[in-house]
Amino acid sequence: MQIVLRPVTNENWEACCALELTAEQQEFLEPNVYSIAQAGFEPTLVMRAIYAGDELVGFLMYNSEREELDGYWIYRLMVDQRHQGSGIGRKAMRLLLGEMQQLPEATCIAVGYRPDNQAAHRLYERLGFIDHGDRFGKEMAVRYTF
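Residues numbered from 1 in each chain as written. Predicted model: local features only at pLDDT ≥ 70, side-chain atom pairs only at ≥ 80, totals over all residues. Heavy atoms only, no water.

Caption draft 1: Region of the structure containing the pairing of strand β5 (residues 108-113). Of all six residues that make up β5, five are buried, and the element is covered over most of its length. Relative to β5, strand β4 (residues 72-79) is paired through three bridges, and the arrangement is parallel. Bridge pairing in β5 links Y72 to I109. As defined by bridge partners, β5 adjoins strand β7 (residues 139-145) across six bridges and the pair is classed as antiparallel. Across the sheet, the residue bridging to I109 is Y144, located in β7. (Buried < 20%, exposed > 50% of the residue type's maximum accessible area, 1.4 Å probe, protein only. Helix = DSSP H or I, 4+ residues; strand = E, 2+ residues; numbered from the N terminus. Pairing = 2+ DSSP bridges.)

Right under this line is the structure:
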């Protein structure tokens, strides 16, 4: 199955909003409709729709401007509950890391998540993100450096 990242556009934004997490995961992420609205007010946020072939299966968002920890931050990663467990999130993140490494003076990519989100912890650890003890409110931040 080929995974590709495409821009969120007038044609697919509503379908991005219809993607769903499991009930247990909903406490970990804002709904996609919130992220899409946020990107409308913060022009440095970049949204990507995750496709498996021609099917929309997930959503990503990152900041194209460096922030805390002198890194570029990934704000959202979600895969629709019907498509979880098949490696889509890992493949999409690898594509995203490749895209973000092209940002100006990129040497660090950071992502925050709640410590009790074990699925996120395993995913980021497998991708090479390192926990340096950074904490922001209820979230821990891990860093990928290159």
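Caption draft 2: Unusual backbone geometry, seen in detail. A positive phi angle is found at L69, which is not glycine, with a value near 65 degrees. Mapped onto the elements of the fold, L69 is located in the loop between β3 (55-63) and β4. One non-glycine residue, D70, adopts positive backbone phi at about 55 degrees. Mapped onto the elements of the fold, D70 is located in the loop between β3 and β4.

Caption draft 3: A look at the environment of L127. Structurally, L127 can be placed in helix α4 (residues 118-127). C-alpha of L127 to C-alpha of K91: the two residues are 36 residues apart in sequence and 9.8 Å apart in space.

Caption draft 4: Examining the packing of aromatic side chains more closely. In the structure shown here, the tally under the stated rule is five aromatic pairs. Geometrically, the ring pair formed by Y124 and F129 is edge-to-face, given 5.4 Å between the ring centres and 65 degrees between the ring planes. There is no split in this pair, since Y124 and F129 are both buried. Here the aromatic rings of Y144 and F146 are separated by 5.9 Å at their centres, their planes lie at 45 degrees, and the arrangement is tilted. Taken together through their ring pairs, the aromatic side chains of Y113, Y124, F129, Y144 and F146 make up a single cluster. The ring of Y51 is capped by R6, whose NZ or CZ atom sits 4.2 Å from the centre of that ring. (Phe/Tyr/Trp six-rings, centres within 6.5 Å; stacked < 30°, edge-to-face > 60°. Lys NZ or Arg CZ within 6 Å of the ring centre and 35° of its normal.)

Interpretation note: all reported values are geometric properties and have no functional meaning in isolation.
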